[in-house]
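# Working through the structure, step by step
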Amino acid sequence: MTVQELPGAAAYRPTPPPAWKPRTDPAPLLPDPEPYRVLGTEAAASADPALLRRLHAELVRGRRYNVQATALTKQGRLAVYPSTVGQEACEVAAALVLQEQDWLFPSYRDTLAAVARGLDPVQALTLLRGDWHTGYDPRELRIAPLSTPLATQLPHAVGLAHAARIKGDDVVALAMVGDGGTSEGDFHEALNFAAVWRAPVVFLVQNNGFAISVPLAKQTAAPSLAHKAVGYGMPGRLVDGNDAAAVHEVLTDAVARARRGGGPTLVEAVTYRMDAHTNADDATRYRTDSEVETWRAHDPILLLERELTERGLIDEDGLRAARDAAETMAAALRERMNADPVLDPMDLFAHVYGEQTAQLREQAEQLRAELAAEAEGQDR
């Protein structure tokens, strides 16, 4: 006899235990239906002119940095470079909203964010040059190592932020990831832990349209990537990623919320990768030139310059000063990257473990012996 055949079964209506009920009202967590904008709207009138000018100077410098780094790959001075041309507003805003004690967790494409936070441009490129593990001391400017595996930096950001909260330190972590990274398991784990622990962390998803050659529509059926936040119990924000003022405002709000104990926020910045995935990619195989040109009309530098000039907040001398400063930076970068680095092969074994394993010690001794034999042979 089944349950349905028992006497009184028709009146049996099992109810789930109380644990099924929502732990929070989902409505306030939902992102806006359209990406938030400032430039070209009434909200721009209340934007700080000094901030807009600083954002502009950083965008111009960032564009020149991207162009110069791409040129270095063609000259054989860089092994690979993932350009952020078109995404500079996200990169710059992410760096500027953080306080000195906060931490930035970049992905492999976010060298510009690290440079905007104060990292030496050459040190930012050292990993991509193939010269060293990271190229900089992460603790000096509180910039985690550039992460080539997708989304692995996100759980690290949550762990650091959670530890800081337990210790009572005034620290917020801002973790950057691309749209492709949101399909990784690390993304799920990081957001889930961050929400449960109410960790002071902000997740910035730069939705640039493609995960290498895979368009977003073939990667997720979600209304937006920002909507994913609701499932974890955190707010989702949707912002125009080419509007530097809007990205800065949204991230500022998210960082402030995290700092006062409000927990994590997921921000999706809708932008576009104007260059190929890297210098090794042929983007013409999966997108059209007309699509790229449409986005060029929404260039982050163009949008901000239009706002500044129409409101009389910058003149031709100001625009020229920003371009000249960017050229000075590029010239110094080019000169320093053209110098052959002095490398020690034994550095391969440094900073891998706090205490070297027996296998690592064995490999180090083997390399040391090979180098000694090679040097002896050259002396004969």
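This text follows the structure it describes.
Read on for an overview of the structure. (Residues numbered from 1 in each chain as written. Predicted model: local features only at pLDDT ≥ 70, side-chain atom pairs only at ≥ 80, totals over all residues. Heavy atoms only, no water.)

So, about helix H7 (residues 185-197). The end-to-end C-alpha distance of H7, which contains 13 residues, comes to 18 Å, matching closely the 18 Å that a straight helix rising 1.5 Å per residue would cover. All buried positions along H7 are accounted for by Phe187, Ala190, Leu191, Ala194 and Ala195. Projection of H7 onto a plane perpendicular to its axis shows the buried side chains occupying an angular sector of 120°, all on one side. On its buried side, H7 packs onto helix H6 (153-167), strand S3 (201-207), helix H8 (228-232) and strand S7 (265-270). Arg198 sits one or two residues past H7 and shows a positive phi near 55°. (Helix = DSSP H or I, 4+ residues; strand = E, 2+ residues; numbered from the N terminus. Expected span 1.5 Å × (residues − 1). Buried < 20%, exposed > 50% of the residue type's maximum accessible area, 1.4 Å probe, protein only. Arc of directions from axis to C-beta. Contact = heavy atoms within 4.5 Å.)

Here we take up the pattern of salt bridges. Pairing of side chains with opposite charge becomes possible as their charged atoms draw close. Applying the stated criterion to the full structure yields 17 salt bridges. The shortest N-O distance in the salt bridge between Asp299 and Arg63 comes to 3.0 Å. A residue pair is termed long-range when its members are at least 10 positions apart, and Asp299 in the loop between helix H10 (289-296) and helix H11 (300-310) and Arg63 in helix H1 (residues 49-74) qualify at 236 residues. Residue classification places Asp299 among the buried residues on the basis of a relative accessible area of 9%. Across the pair Arg259 and Asp170 runs a salt bridge, and its minimum N-O distance is 3.1 Å. Here Asp170 lies in the loop between H6 and strand S2 (173-178) and Arg259 lies in helix H9 (residues 244-259), a separation of 89 residues in the sequence. Judged by its relative accessible area of 24%, Arg259 falls in the partly exposed class. Via salt bridges that share partners, Arg63, Glu88 and Asp299 belong to a single interconnected network. (Salt bridge = Lys/Arg side-chain N within 4 Å of Asp/Glu carboxyl O.)

Counting through the fold element by element, Ala194 comes out in helix H7. When the C-alpha atoms of Ala194 and Gln363 are compared, they prove to be 39 Å apart, with 169 residues separating the residues in sequence.

Let us look at the packing of aromatic side chains. Given two aromatic rings, their pairing is described by the distance between the two centres and the angle made by the two planes. For the structure shown, the criterion picks out five aromatic pairs. Plain terms: the ring middles of Phe210 and Tyr286 are 5.3 Å apart, the flat faces sit at 55° to each other, and that makes the pair tilted. Note that Phe210 is positioned in strand S4 (residues 210-211) and Tyr286 in the loop between S7 and H10, a separation of 76 residues in sequence. Tyr286 matches Phe210 in its accessibility class, with the two residues each being buried. (Phe/Tyr/Trp six-rings, centres within 6.5 Å; stacked < 30°, edge-to-face > 60°.)

Here we take up the sheet that holds strand S1 (residues 103-105). Strand order in the open sheet made by the five strands is S1-S2-S3-S7-S6, with parallel pairing throughout. Pairing within the sheet leaves two strands with one partner each, and these edge strands are S1 and strand S6 (236-240). Neighbour-to-neighbour, the strand axes of the sheet open up by a mean angle of 20°, direction not taken into account. Where S1 lies against S2, three bridges are found, and the strand directions are parallel. In the sheet register, Phe105 faces S2, and the bridge partner there is Ala175. (Pairing = 2+ DSSP bridges. Axes fitted to C-alpha atoms, helices over the stretch in contact; angles between N-to-C directions.)

The grouping of Phe193, Val196 and Trp197 at the surface amounts to a nonpolar patch, some 300 Å² of accessible area in total. Summarising the element assignment, Val196 is placed in helix H7. (Patch = residues over 30% accessible without salt bridge, like charges linked within 9 Å, V, L, I, M, F, W, Y side chains within 5 Å. Areas by Shrake-Rupley, 256 points an atom, 1.4 Å probe, with all protein chains shown as cover.)

To continue, consider the packing of H1 against helix H12 (residues 316-337). Between H1 and H12, the least distance of the axes is 9 Å, while the angle of their chain directions is 30°. Relative to H12, H1 is oriented roughly parallel. The hand of the H1/H12 crossing is right-handed. Packed against H1, whose contacting residues are His56, Ala57, Val60, Arg61, Arg64, Tyr65, Gln68 and Leu72, the element H12 presents Leu319, Ala322, Arg323, Ala326, Glu327, Met329, Ala330, Leu333, Arg334 and Met337 at the interface. Broken down by class, the residue content of the contact of H1 with H12 amounts to eleven nonpolar, two polar and five charged. (Parallel < 35°, antiparallel > 145°, perpendicular 65-115°, else oblique. Left-handed = near helix turned anticlockwise from the far one by under 90°. Nonpolar A, V, L, I, M, F, W, Y, C, P; charged D, E, K, R; others polar.)

No statement about biological role is implied by the geometric values presented.
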